[in-house]
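# Per-entry structural report
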Amino acid sequence: MNAKDDRDESEPEGALRNEDPSEPRGAGGKTAAAKGAGAGEDPPAGGRAAADDDVDSAAADDADAADDADADDDDADDAEEPPAARPRGPSMWDILRDSFFTFDRRTLGFTRILLGFFLIGDLFRRSWAWSDMFADIGVLPNHVNLWRPQGSGNFSLVNAFSTPGELWVLWVVIFATYVCLLIGWKTKLMQVLSLVFVTSMNGRVLLIENGGYVVHNLLLLWTCFLPLGDRFSLDALLASLKRSRERTADDLNDRTTIDDPLKPVSHVTVLGPVLLIQIAAIYFFNVVHKTGPAWKNGTAIHYVLYVDRMVTPIVADVRDYAPNFLILFMTKMVISFEAAIPVCLLSPVGRAWARRLTMVMMNVLHIGFGMTFVLGPFAWALCVMSTLLFGREDWEVAARTMRRVHRARVVLYDPRSPGAVLACRVLKRMDRFGLLTFEASSSATHGLSVRRPDGALAAGAEALADVVAAIPLGPAVAWALRLPLVRDAVTATMAAAHRRSLGRALGVRIPERSEVAPPPAPLRLWGRKGLVALREVAVLAMFAGAVNQAAVELWVIKNRWKVPHPEETRVLAQKLRFLQGWFMFSPNPVMDDGTIVVDAVTVDGRHIDPFTGKPPNFDLLHAKSFGYTQIWCDYFARIKLPANTTYRDAMKEYMYRYPERTGRPEDAIVSGDVYWVKDWNPKWGSTESYGEEREKLFSFQNPKAQARAEAEPPGQPGQSPAN
């Protein structure tokens, strides 16, 4: 209702306009009428009458009076009301918060899914050498590790498991933990357990540790402080079903109750700038440390491609044909990307596009590394870490790109079927594009059917395929439901489940009434705030440990300043190997190549390398990738070092157990020599390695096998002595 229509007719007109009531009434009436017309509103009745009187008087007067009246009207039209207060722009804190302190919870959910796949893949990568590395029959039994610790008292849960059987049980537990993290069940607990398992495996045998293991540890550490289960998770789904109970179609079509109002899309935390600084530091210091001539003249990639212990067999087959201009381009690209990533990452200008460019450069760089070299988890861990840079703008673009209106469907469900109602409640929460509309229908085939935009009805597997295609990423799997055999099986299953009331048999019940759970009690809210405060303090404490560790570990810092390393920060950084040494292929790339070659003699007189199962091969000059995994590549490179001679006895015992691994008694090893064989990578412009050298590290004798060889006559070559 207009305020002017509510005023008392006896009230002075000036009071309505906050004017002086003593002002002459004629002028005031004219002004009010003009203002009312200018504002697009009807003037009050009294104002309209006064205006009409003025117009009649002006018509009866002479032309001068009419001109004066027109001039007054023009002046009144020109008079404007004070402009309304403009909305206040974002403050500096708003800009900083949105740029550096904020994560989109959808991003965190997406990162959790990729993290789960990454962890499962890494666990399978370790499986090929699971017992060789961790069991008491491996190259470093836990009793050796405990009595001769490799690091400064680093923690490893794997030390509690000795036999292969125990370790495979641990493998199953770790696998189950990673699967639970992937689907988002008990997410925070699984994040903590994953952190413990990853750091325990990475810290168990430091002879195989590299920069990728450190990045792996840091990825699990920093994401442990993030709520990865608030979106796209089983936890979020169960919490939403518990918080909001829908009974009718109107309730199902109300999307306002899907997400927890206490967990908005934006998650603000001090970890935001900490994580950005961590990622920027990885690339910045890698660039700073690349001071060698091979990086400056653009030939570094050439030398790295000829490190046979690291490159994959495919790269070894094609590297000879790579033109020089491509090598120079790739070297400059690596340096340029590593230098540009910190700048784009920390830039407050054009934040959305700068972050997108950062993600592209990180993934191009590391997918290339991961496909070319065996670097362990290094490349893939950083690819997963890059997904934390997705912002709200990116999700809006993704939604506009993936949402297809032609996939909209009306879901018909039987309101008497508990299973159908539950299915609709779940679909409501998965339908992030809002393409599904729910409608109760007691005649819905199999309890759940679909009405398409053209009015046609679909049931069974066809209906399910339509529904799945409407949810995000659903089209990637919906096609499988339309395959002939699958379609018939799914339709039969849906019919049998509806006919036998499977939902009711499993204890599913239709909610007695529609309701939304009340907000948590104030005491619980205060408890959550306390946990948030503790989390932020823990982030800052770990960041302090990381900064101090970087200051005492990075060459460009420790060579200039002597930074103290207090015990408190040392424990924070080193107990679980949260290190900060970023000098990959620095200051020059690897110029030489080498590996361990064992010339062992079996009881039947054969010469064999127990690590390859083949005769010893000393020809590195013509090698085309050794075909090692990262685990064996780094183990051989570390065991040759004089600092690790204390672990060579365990290596000997591992070689003595070679017949246990092959199941052939004639493979028992009597004696042998262990060599480090090396050569120099081809010079620029060449594809031929040169300067092969052979360094004997140590010899060994196996008394048990030696006594057996002396007691039994040797058999024919390639034949068991028993024959």
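Residues numbered from 1 in each chain as written. Predicted model: local features only at pLDDT ≥ 70, side-chain atom pairs only at ≥ 80, totals over all residues. Heavy atoms only, no water.

## Let's talk about the overall build of the chain
Put simply, the rule is: Each helix corresponds to a stretch of at least 4 residues labelled H or I by DSSP, and each strand to a stretch of at least 2 residues labelled E; elements are numbered beginning at the N terminus. We call a residue buried when its accessible area falls under 20% of the maximum for its residue type, exposed when it is over 50%, and partly exposed in between, using a 1.4 Å probe and counting protein chains only. For this analysis, residues touch if any pair of their heavy atoms sits within 4.5 Å. All accessible areas in this document rest on Shrake-Rupley with a 1.4 Å probe, and a residue is counted as covered only by the protein chains that are shown.
The secondary structure content of the chain amounts to 33 helices and 12 strands. With 723 residues in all, the chain has 46% of them scored as buried. Residue pairs in contact within the chain that sit at least 24 positions apart in sequence constitute 77% of those at least 6 positions apart. For the chain, the exposed area adds up to about 36,100 Å²; of that, 61% sits on carbon and sulfur atoms.

## Topic: the layout of surface pockets
Test applied: Note on definitions: the grid is 1 Å and covers protein atoms alone; a cavity is a set of points where a 1.4 Å probe fits but cannot get out; a pocket is an open set with protein on both sides within 12 Å along at least five of seven lines; lining residues have an atom within 4 Å of a point. Grid points are joined across faces, edges and corners, and a volume is the space filled by probe spheres set on the points. Gly falls in the polar group here, along with every residue not listed as nonpolar (Ala, Val, Leu, Ile, Met, Phe, Trp, Tyr, Cys, Pro) or charged (Asp, Glu, Lys, Arg).
Roughly 940 Å³ of internal volume is contained in the second largest pocket. Contributing to the lining of the second largest pocket are 33 residues, with Asn210, Gly211, Phe585, Asp634 and Arg638 lying nearest its centre. Broken down by secondary-structure element, the contributors of at least two residues to the lining of the second largest pocket are α11 (211-223), β9 (592-602), α30 (630-639) and β11 (669-680). At four residues, the largest contribution of residues to the lining of the second largest pocket is made by α30. For the lining of the second largest pocket, a count of residues per class yields 16 nonpolar, eight polar and nine charged.

## Some words on the side chain of Ser240
How we decide: The term polar contact refers here to a pair of N or O atoms within 3.5 Å; inside protein, the definition further demands a hydrogen-donor-capable atom paired with an acceptor-capable atom, and it admits residues adjacent in sequence only when both atoms are side-chain atoms.
As for its placement among the helices and strands, Ser240 is situated in helix α12 (residues 234-243). A distance of 2.6 Å separates polar atoms of two side chains, one belonging to Ser240 and the other to Arg429. Aside from chain neighbours lying at most four places away, what touches Ser240 is Thr257, Ile258 and Arg429.

## Considerations on helix α10 (residues 187-204)
Applied cut-off: To estimate how far a helix should reach, multiply one less than its number of residues by 1.5 Å.
Compared with an ideal rise of 1.5 Å per residue, which puts 18 residues at 26 Å, α10 spans 25 Å between its outermost C-alpha atoms and is within 8% of the ideal. The buried fraction of α10 amounts to 13 of the 18 residues, a majority that puts the element mostly inside the structure.

## A word on the confidence of the model for the chain
Test applied: A residue's pLDDT is the predictor's confidence in that residue, given on a scale from 0 to 100.
Summary statistics for the chain give a mean pLDDT of 86 and a share of 86% for residues scoring 70 or more. Ignoring residues within four places in sequence, the model shows residues 1-81, a span with pLDDT below 50, making 36 contacts including any to other chains. With pLDDT under 50 throughout, residues 716-723 is counted as low confidence; its partners more than four residues away or in other chains account for eight contacts.

## A word on the packing of aromatic side chains
This is how the line gets drawn: In summary, the pairing rule links any two rings of Phe, Tyr or Trp, Trp by its six-membered ring, whose centres are within 6.5 Å, and it sorts them by plane angle into stacked for under 30 degrees, edge-to-face for over 60 and tilted for everything else. By definition here, charges over rings are those cases where NZ of Lys or CZ of Arg is within 6 Å of the ring centre and within 35 degrees of the ring normal.
This model, assessed by the stated rule, comprises 25 aromatic pairs. When the centroid spacing of 6.4 Å and the interplanar angle of 40° are considered together, the rings of Trp222 and Phe225 count as tilted. We classify Trp222 as buried; its relative accessible area is 1%. For the pair Tyr628 and Phe636, a centre-to-centre distance of 5.3 Å together with 65° between the ring planes defines the contact as edge-to-face. A relative accessible area of 3% means that Phe636 is categorised as buried. Feature note: the residues Phe611, Phe626, Tyr628, Trp632, Tyr635, Phe636 and Tyr654 constitute an aromatic cluster, connected by ring pairs. The ring of Trp353 carries the charged tip of Arg356 above its face, separated from the ring centre by 4.6 Å. Lying across the ring of Trp676, Lys640 places its NZ or CZ 5.0 Å from the centre.

## Here we look at the environment of Val192
Its location among the elements puts Val192 in helix α10. With 32 residues separating them in the primary sequence, Val192 and Cys224 have C-alpha atoms 6.4 Å apart.

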